[in-house]
Amino acid sequence: MRDLVLKNRSYRRFYQEVDIKLETLKELVDLARLSASARNAQPFKYILSCEPRRNSLIFPHLAWARYIRGWPGPCERERPSAYIIILGDTEISRSFDCDHGIAAQSIMLGATEQGLGGCIIASIEKEGLRKSLEIPPRYEILLVLALGKPKETVVIEKVGDSGDIKYWRDSEGVHHVPKRPLDGIIIG
Ligand SMILES: Cc1cc2nc3c(=O)[nH]c(=O)nc-3n(C[C@H](O)[C@H](O)[C@H](O)COP(=O)(O)O)c2cc1C
């Protein structure tokens, strides 16, 4: 479990030419389906995308790596091969608690286990995405999970004395993610 969690980093650059099959996306959603849900309401619906034309309708509505100044997100050829969009069905529930985070993590861990990787994205230009994919108003757009074969190295660092938690990219393109130390987060 620890190895899987360590490997399950946020990746934002991919071998775009490596396809992800629709069947694989369905298997990943099945992991979310089987996960915990407040009141067991299971209020989510999913949109799957794994072909270039549909992917190109999703990509422009996402914001990537806000701490990396001046980087507009992955270039063509390094973009995700697939997406899973998590929607809240407002006819089932009006509030989604933290369920979409749990669903997202199940999917990302499953993807990692399959040698894939990706990024949970909440910075979404929602009305644009809704129009592009003709998503009915009944569904609240909650998260977009970008998936692909990772093409970047991500390493974990310890948060330093400055307390700065911003991730950064070095001159070799390696992505560094500071994490707070264990003895700093257990307070009692
Ligand atoms: C709820 C949530 C929303 C996020 N939204 C974005 C996003 O909009 N864009 C992005 O590039 N990364 C996003 N991330 C990824 C975080 O930036 C990433 O988890 C963080 O930098 C730590 O890196 P790690 O996942 O490798 O531990 C999001 C992560 C979570 C959990």
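Owing to the predicted nature of the structure, the values given are computational and were not obtained by experimental measurement.

Next up on the list: the pattern of salt bridges. The final tally for this structure, using the stated rule, is 10 salt bridges. Close ionic contact of Lys151 with Glu78 constitutes a salt bridge, the shortest N to O distance being 3.3 Å. Separated by 73 residues along the polypeptide, Lys151 in the loop between strand S4 (139-148) and strand S5 (154-158) and Glu78 in the loop between helix H3 (52-58) and strand S2 (82-89) bring together distant segments of the chain. The partly exposed category is assigned to Lys151, whose relative accessible area is 34%. Across the pair Arg138 and Asp89 runs a salt bridge whose closest N-O atoms are separated by 2.8 Å. Note that Arg138 is positioned in the loop between helix H5 (126-133) and S4 and Asp89 in strand S2, a separation of 49 residues in sequence. On the basis of relative accessible area, Asp89 is assigned to the buried category, the value being 0%. Each member of the salt-bridge network shares a partner with another, and the members are Lys45, Asp89, Glu91 and Arg138.

A few words on the side chain of His175. Locating His175 in the fold gives a position in strand S7 (residues 175-179). Excluding its chain neighbours within four sequence positions, the residues that come into contact with His175 are Arg12, Ile68, Glu152, Thr153, Val154, Val155, Tyr167, Trp168 and Arg169.

Pairing in this open sheet of four strands is antiparallel, and the strands run S1-S2-S4-S3 from one edge to the other. On the outer flanks of this sheet lie strand S1 (44-49) and strand S3 (117-121), each paired with one strand and no other. Direction aside, neighbouring strands of the sheet carry axes that sit 20 degrees apart on average. Note that S1 and S2 share six bridges and pair antiparallel. Along S2, the bridge assignment pairs Tyr46 with Ile86. Packed on one face of the sheet, helix H4 (residues 99-113) meets S1, S2, S3 and S4 and runs near 15 degrees to S4. Here H5 sits on the sheet and contacts S1, S2 and S4; the angle it forms with S4, its principal contact strand, is near 80 degrees.

This part takes up the state of the cysteines. Under the defined criterion, the tally for this structure stands at zero disulfides. Considering cysteine sulfurs only, Cys119 is the nearest to Cys50, which forms no disulfide, with 19 Å between them. We classify Cys119 as buried; its relative accessible area is 4%.

Right, let's talk about unusual backbone geometry for a bit. In this structure, Arg77 is a non-glycine residue whose phi angle is positive, near 95 degrees. Residue placement: Arg77 occurs in the loop between H3 and S2. A positive phi angle, near 50 degrees, is found at Glu134, a position not held by glycine. For Glu134, the position within the fold is in the loop between H5 and S4.

Turning our attention to the nonpolar core. The nonpolar side chains of a soluble globular protein tend to be buried, and buried together. Counting residues in each nonpolar core, the largest one holds 26 residues, and the members touching the most others are Ile58, Leu62, Trp64, Ile85, Ile121, Leu129 and Val144. If you list the elements that add at least two residues to this core, you get S2, S3, H5 and S4. Counting residues per element, this core draws most heavily on S4, at four residues. When sequence neighbours within four positions are dropped, the list of residues in contact with Ile58 reads Ser49, Tyr83, Ile85, Leu129, Leu133 and Val144.

Reading the values: rules and limits
- Residues numbered from 1 in each chain as written.
- Predicted model: local features only at pLDDT ≥ 70, side-chain atom pairs only at ≥ 80, totals over all residues.
- Heavy atoms only, no water.
- Salt bridge = Lys/Arg side-chain N within 4 Å of Asp/Glu carboxyl O.
- Helix = DSSP H or I, 4+ residues; strand = E, 2+ residues; numbered from the N terminus.
- Buried < 20%, exposed > 50% of the residue type's maximum accessible area, 1.4 Å probe, protein only.
- Contact = heavy atoms within 4.5 Å.
- Pairing = 2+ DSSP bridges.
- Axes fitted to C-alpha atoms, helices over the stretch in contact; angles between N-to-C directions.
- Disulfide = S-S within 2.5 Å.
- Core = buried A, V, L, I, M, F, W, Y, C linked by side-chain atoms within 4.5 Å.

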